[in-house]
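Take a look at the letters that make up each chain.
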Amino acid sequence: MKPPRFEYFSPRSLSETVAILAEHGDGAKVLAGGQSLLPLLNMRLARPSVLVDINRVSRLDTVRPHGTGGVAIGATVRQRSLHGDPTLLDRLPILGTASQFIGHQQIRSRGTICGSLAHADPAAELPALAVALEAEMVASSASGERVLPAADFFVDYLTTVLEPTEVLTEVRFPGPPAGMRWAFLEMSRRHGDFALAGVVAGLSTSDDGSSIKAARLVVFGVAGTPVRASAVEAALVGQPPTDSVLTDAAAEATRLLDPPADVHGSGAYRRALAQTLTVRALQACRESHGTAEPAT
Amino acid sequence: MNANPLSELPQHQLPISQPRYVGQDVPRIEDPLLLTGRAEFGDNIHKTGMLHAAILRSPYAHARIRGIDTSRAEALPGVAAVLVGAEVKAQSRPVFGIPEGWTGHALAVEKTHWAGEPVAIVAAEDRYVAEDALELIEVDYEPLEPMVNALEAADGKGPVVLEGKDTNVMYARKFTFGDVDTAFAEADLVVNEDSRWHRSAGNPIETCVCIARWDPFDQSLTLEGSHRSPLLVMPALVGALGLSPTQIRIYTSPLGGSFGVKTFARYVILLSLLAKKLGGRPVKWTEDRIEHLAGNSSHAWDRHHNAAMAVRQDGTITAVRIRAMDDFGAFGEWLGVGQIVKPITIFPGCYRIPAYEYDCAAVLTNKVPQGPYRGFGLPSHYWVLEQLVDLAAEKLGMDRAEIRRKNFIRRDEFPYTIPSGNVYDSGDYEAGLDLLLEKADYAALKEQQAAARKQGRLVGLSVVTSIEPGLTGTPMLGLLSPRMFSRTSSPEGMALRMDGFGKMIAQVGFPWGGQSQHTFVRQILADYFAVKAEDVQVVVADSSTMQPGMGPVSSRIAVALGGAVVGAAKLLAEKLGRVAAVMLEADPGDVELKDGAFQVRGAPARSAPVPQVAGFMLARADKLPEGVDGNPEVSFVWNPPDHYLADEQGRSHYGVTATSAVHLCMLEVDHGTGQVEILRYVMVDDCGVRLNPSVVRGQLLGSLAQGLGNALYEEYVYDDQGQLLTTTYMDYLMPTVMEVPVVEEYEQCTPSPVTSLGQKGVGEGALHTTPAAVRCAINDALHPLGVHIAEAPATPFRIWSALQAAATSP
C-alpha cells in the first residue's frame, strides 16, 4: 500500500495553484485534507502524476459571514470547524449537528469541507447539506472564477462539474429561510461510517403549527448524487404537518429511487431506509426536535 | 485492598502470611510502553542493509499459472531479488498443516487457490520500489471455475481445489457420545434449527511483521518480528525448509494484538526462502491492512449448522445433535482445522446432557484459508446450543433462566466428566445465575419488556451460559493427526534466576501482548519470596534460550504459566533452603521459607532472609552442601495434569479448568431500520481466583467486543467468483468504542482445585458467550412477530428482511 511515483507541488498562492493546474490538467490532483485521496493513492486506485497540496495556500482557511445569516467557507477549512467555529455554529447550527455523523474526530480534524464536496461521495453528509441549503460553489482556475449552485455541481458518483484545471476555493451557504427547523438523520452500520441512507429535512410552519409554509428535503446515499425532492417540497406547502401527510411525502420522495446493492444491504433496503428516515426527520422538524435556525 | 481469596484456599501455595500482590489490581507493567507506542514493535526494527519485501497476489480465486515473467521487475533499479513458485517448490515442502497433505506451498506453483494467494515476492531498497516492481511482473493466468459453495463441496460437486485430490472434504468425523437415537425417539419435544455463521477473523491493530536474515557463513536463519509463539512456528519452518531447529533463531517483538493470527507460518516460510536467496541481507515484510484482510491465513469459522435438541416435558435436556460444516477456504494450514473439533471438549456447556452427537466436516473452497482465531471454534457452538435451549423453553412455556437452572451440572457433582471425556474441575453455575439475575433485577427487566411490547416496541431479553476451557491440550489435535500429535504434553516453561541481592529475573518464552504475563509473573514471585514487585524483572527469551512452551493459545496463560512460575519458585526455594540449612546449622528438612526468610521450623528466631541466602550461595562455594551448585537458578516446565491420548470414540481429558460464564442481554430492534440497540448487558464470570482482577476485566471486555462483532457486524463477504468484497475497514466492520455497550461485570469465584493458585483460564469466554446472548435476545425481540434470525452477524439488513417477511406473511 504505497503510491506510485508522483510530482509534488506545494504552492503558496491561489494564482500559483491554478497555474500548476492549468499546466498539468488531467494528470494533477488537488490535495487538501487527504482523507479520501491518500487511501486511493496508497491502494494505487488513483495515479495522478502531479499532486497539488493546497494546505499552504494563503487565505483559503477562513470562515466568514456571507450575506444575511450565511457563511462562506474556504478550501482548507477543516470539518471540525462545523462544530467548533463560532460563526458557523451561530449562523448554521444544522451543519454542526450533521457534522457529528462525519467520520470520527480524527477524520474531521484533517478532512476539509470543500474537499468532501469536491470528492462528491454520494453517501457523504456535506454534499447533501450543500444541496439542501442551496449552497454555491466557487470554482477557480487560471481563467477566473465561476460560481455554481450546488444543485448543478454534483453529476454522479465521485463526479462533479469541476474541470481538471479548477479548484474548489470556497463554498457559500446562504442564510436559510427564517423559522425553518431542520433535522439530519442517517443510518450507517456503525457510528461514523458512510451512510446507507440519510436525509436532510427542513420545515417551517404557520405560527399555530397547523400548516406547512416551506419545506426542504434531500435524501442521500441512495443515488449517484444527493437527491432533492423539489416536487414533494412544493406539494407540502399549505398542508397540515400530520403523520399521514409526512408519511405520504416520504413515500413520494423515495418512490423513484433505485439505489444500488452492496455488502450491507439490497437496493430495496436502502430505499426503505430512506423512506423511514424521511418520515422520522420530517416528524422531528415538526416536533421541534430539529435544529431551529435563528430568525433573521 | 480487597480481602484476598487466596487466603481461603486449601492449596494456597504462597509462603507468605498475607499476599500483597496476587489478587490485586496491580497496574500492568506492559501498558506504558505498549500504549504510547514506545515498545519496539516489529515494524520499528531496522537492520543495516535491510531490504523490503512486497508480495504479488493472485487476482483470481482459481487459476492455472501458465507462466510468470519477472524480467522487467528484476531490471527495475532498486530491486534485489524476485522469488516465484517454482523456486519455492524446489526448495521447500508445502506449508505445515494437520491433517497432513491439505496445503500448498508458500507461493502458488501450478495454480492459485484463492484471490489473494501469494504468487511472487520481491525484495527491494524500499517498499515503494518493491510495489512498483510487482506491477512489472507478468503472470499468464488461465482462469478456472472457482469452488465457492461449501455445501456443494461437501456433496462432491464442482471443481476440486487442491491438485492431486479427488475431493474437497478435508476432514469429516461423526462423534457420538451416549445413546442419542433413543433419547430423540423418547423425547417429549424436539426443537430444530438450521443456522449459518459467516466468516470473521481476528484483526489486531498491528499486522504481521517478519524480518528474516540468512547467514551464509554458518548456514543459519534469524527471524525477528511479531511472532507470538516461537516454538509453535518452529516445526512449520523445520518441516518446510528442512533445517534443523539449531539453525533457526526466532526473536519476538512486543505485539499490538494477535488474537490467534500471529503465527503466519506461510509468510515466515516465504520470507525465510527470500532471505536465503538474498544471501545475507536482511529483508522485512510488513503485512499491509488489505493483505491482512484478504491474504493472511486468518479467516475463521464459516459454518453451516443443522441442530436439534431432545427435551422432556419438564425441561430436562436429554440429547443434542449438531452437524457443523465449515467452509475452510483453500488450505488446511497449521493447526486451524482443530477449530472444527474443539466443540467436543465442552459440547454440553454448563448442562448435564447425557447424550450428544457432533457430525463435523471441514471442506475446501477457493477462499482465504482459515486460521486460528480467539475462541477457536467455540463461539459458533454456543451460538447454536444456547438458541436451542431458548427454543425449547419457548415451546415448553418455561422461563429461559429456569430451564437452564434445571439442566445445570450441580455444584456437588465436580469434578464432572462430560460424555466426551473432558473433566470440568469445579464450578457453581446456579450461584452464578442467581448472582446475575439479582444484579440485573431480572424480574424488573421482564416487566419492562412486557410494557415495551404493549407499546409495539421490539424489546428482547436473553440469559445464556458457556464454559471456557482453560487451555485445551494436544490430545485434541491428535484427533486430526494421530501421527503428528500422539502427545499429551502442552508445556509452558520458566527459567528463574536470583542475584546476590535477592532480585529476580524470570524468563518467559513469548512476547508482550494482551496476556499480561510480565505483570502477573511479577505479582506471584514478589509474593512468593516476599520482595517488592520491582525486584522481579520479567524478560522474553528467544527460541534458542526459552524453555519448552506453547505461549498464548487457548486461554492457557494464567493456568500454564501460572503453574510454571509457582513450580519454578518452589524449586528455587528448595535449592536456597538447602543452603539456608547450612547457614542456620539445621537439618534441611527443618528449614522452611516463610514471609521472605528461611527459618527453622519451631524456632522462627533462627532465620535467614532470602537475599542473604542467595548472596551466600553465590559467594561461599566452600560452604555449599553436596549436590548444590553455586547458582540460585532453576527452570521448571509445567504440563497439564492427567492428560491422556483420546480413545477411539474421541474421549479425552482435553482441558484443565472450566470457567463458567452467564450473560444477560436486553436490547431493542428498530422496526424501521433493523438496527439493534443494546439496552443492558450484564455478565458474571467464574474464572476462580483472579490473579489480577483488572487484567481479567480487560480480557472479558475485549472478548465481549469481539463477540459483539460476530453477533452484529463482522463478516467477510465473497461474490460468486470467489472475490472478497470486504477488503477494507469500510466494509469489514468491527465494533468501535461507539458500538460496544457499557457492560456490568460481576465476579464469581469458585477456586480451581487443580491449578497452582486456584485460577482458571480466562480470555476467550466472553467471545464464546456474547454472540449467543445477542442473538437469543434479538430472537426474543422478534418472537411476537413470528420471525427468527439464524445468521451471524445479525446485520440490520438481515433483520429488516425478516421483518419484511413478517409484514407480508398472512
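Residues numbered from 1 in each chain as written. Chains lettered and ligands numbered in written order. Predicted model: local features only at pLDDT ≥ 70, side-chain atom pairs only at ≥ 80, totals over all residues. Heavy atoms only, no water.

Student: Please set out the nonpolar core residue by residue, giving values where relevant.
Tutor: All names here are of chain B. Counting 146 residues, the largest nonpolar core has Tyr171, Met309, Val320 and Tyr424 as the members making the most contacts within it. Top element by residues in this core is helix α11 (residues 378–396). It accounts for eleven residues. Apart from residues lying up to four places away in sequence, valine 320 is in contact with Val180, Phe184, Ala308, Met309, Phe347, Ile353, Ala355, Tyr356, Glu357, Leu385 and Leu388. Of all hydrophobic cores here, the second largest spans 59 residues; its members include Ile557, Ala580, Val610 and Leu757. (Core = buried A, V, L, I, M, F, W, Y, C linked by side-chain atoms within 4.5 Å. Buried < 20%, exposed > 50% of the residue type's maximum accessible area, 1.4 Å probe, protein only. Helix = DSSP H or I, 4+ residues; strand = E, 2+ residues; numbered from the N terminus. Contact = heavy atoms within 4.5 Å.)

Student: Which residues make up the sheet that holds strand β3 (residues 79–84) of chain B, and what values go with them?
Tutor: Residues and elements named next belong to chain B. Spatially, β3-β5-β1-β13-β10-β11-β12 is the arrangement adopted by the seven strands of the open sheet, whose pairing is mixed. The sheet is open, and its two borders are formed by β3 and β12 (248–252), each paired with just one other strand. When strand polarity is set aside, the average angle formed by the axes of neighbouring strands in this sheet is 20°. Relative to β12, strand β11 (residues 220–225) runs parallel, the two being bridged by five bridges. Across the sheet, glycine 225 pairs through a bridge with threonine 252, a residue of β12. Here helix α4 (residues 127–134) sits on the sheet and contacts β1 (51–57), β3, β5 (118–124) and β13 (283–286); the angle it forms with β1, its principal contact strand, is near 30°. (Pairing = 2+ DSSP bridges. Axes fitted to C-alpha atoms, helices over the stretch in contact; angles between N-to-C directions.)

Student: Any details on the side chain of aspartate 85 of chain A? Residues and values, ideally.
Tutor: For aspartate 85 of chain A, the position within the fold is in the loop between β5 (70–74) and α3 (86–91). A distance of 3.0 Å separates a polar side-chain atom of aspartate 85 of chain A from the backbone nitrogen of threonine 87 of chain A. (Polar contact = N/O pair within 3.5 Å; in protein donor to acceptor, adjacent residues only side chain to side chain.)

Student: How would you summarise the layout of surface pockets if you had to cite specific residues and measurements?
Tutor: One number sums up the size of the second largest pocket: a volume of about 780 Å³. If you trace the second largest pocket, you find 32 residues lining it, with Ser188 and Arg189 of chain A together with Gln675, Val676 and Glu677 of chain B closest to the centre. Looking at the lining of the second largest pocket, the elements that each hand over two or more residues are β11 (181–187) and α11 (267–286) of chain A together with β28 (655–669), β29 (676–686) and α19 (693–713) of chain B. Here the lining of the second largest pocket is composed, by residue class, of 15 nonpolar, eight polar and nine charged. (1 Å grid on protein atoms, 1.4 Å probe; cavity = no way out; pocket = protein on both sides within 12 Å on 5 of 7 lines; lining within 4 Å. Points joined across faces, edges and corners; volume = space filled by probe spheres on them. Nonpolar A, V, L, I, M, F, W, Y, C, P; charged D, E, K, R; others polar.)

Student: With reference to specific residues and values, describe the environment of serine 10 of chain A.
Tutor: Residue and element names in this part refer to chain A. Position of serine 10 among the secondary structure elements: in the loop between β1 (7–9) and α1 (14–24). Distance in space between the C-alpha atoms of serine 10 and alanine 46 is 19 Å, their sequence separation being 36 residues. Look past the residues within four positions of serine 10 in its chain and what remains in contact with it is Asp53 and Arg56.

Student: Describe the pattern of salt bridges, naming the residues involved and giving the relevant values.
Tutor: All names here are of chain B. Taken as a whole, this structure holds 69 salt bridges over all chains when the rule is applied. Lysine 277 is the salt-bridge partner of glutamate 87, the closest N and O atoms lying 2.5 Å from each other. Residue glutamate 87 is found in helix α3 (residues 85–91), and its partner lysine 277 is found in helix α8 (residues 265–278); the two are separated by 190 residues along the sequence. With a relative accessible area of 22%, glutamate 87 lands in the partly exposed category. Residues arginine 690 and glutamate 745 are paired through a salt bridge, measuring 3.2 Å at the closest nitrogen-oxygen approach. With arginine 690 in the loop between β29 and α19 and glutamate 745 in strand β30 (residues 744–748), this pair connects stretches of sequence that are 55 residues apart. Both residues of the pair, arginine 690 and glutamate 745, belong to the buried class. (Salt bridge = Lys/Arg side-chain N within 4 Å of Asp/Glu carboxyl O.)

Student: Tell me about empty space enclosed by the protein, and please be specific about residues and values.
Tutor: All names here are of chain B. Evaluation of the coordinates by the stated rule reveals two cavities of 30 Å³ or more. Space inside the largest cavity adds up to approximately 100 Å³. Forming the walls of the largest cavity are 13 residues, and the residues nearest its centre are Phe264, Ala265, Ser297, Trp334 and Pro372. Each residue belonging to the lining of the largest cavity can be placed in one class, and the counts come to five nonpolar, six polar and two charged.

Student: Before we move on, could you go through the packing of helix α7 (residues 230–241) of chain B against α8 of chain B and cite the residues and values that matter?
Tutor: Residues and elements named next belong to chain B. Across the interface, α7 lies against α8 with an axial gap of 10 Å and an inter-helix angle of 50°. Judged by the inter-axis angle, α7 sits oblique to α8. You can see that α7 and α8 cross each other, and the crossing is right-handed. Seen from α7, the contacting residues are Val233, Ala236, Leu237, Ala240 and Leu241; seen from α8, they are Ala265, Val268, Ile269, Ser272 and Leu273. Split into classes, the residues belonging to the contact of α7 with α8 amount to nine nonpolar, one polar and no charged. (Parallel < 35°, antiparallel > 145°, perpendicular 65-115°, else oblique. Left-handed = near helix turned anticlockwise from the far one by under 90°.)

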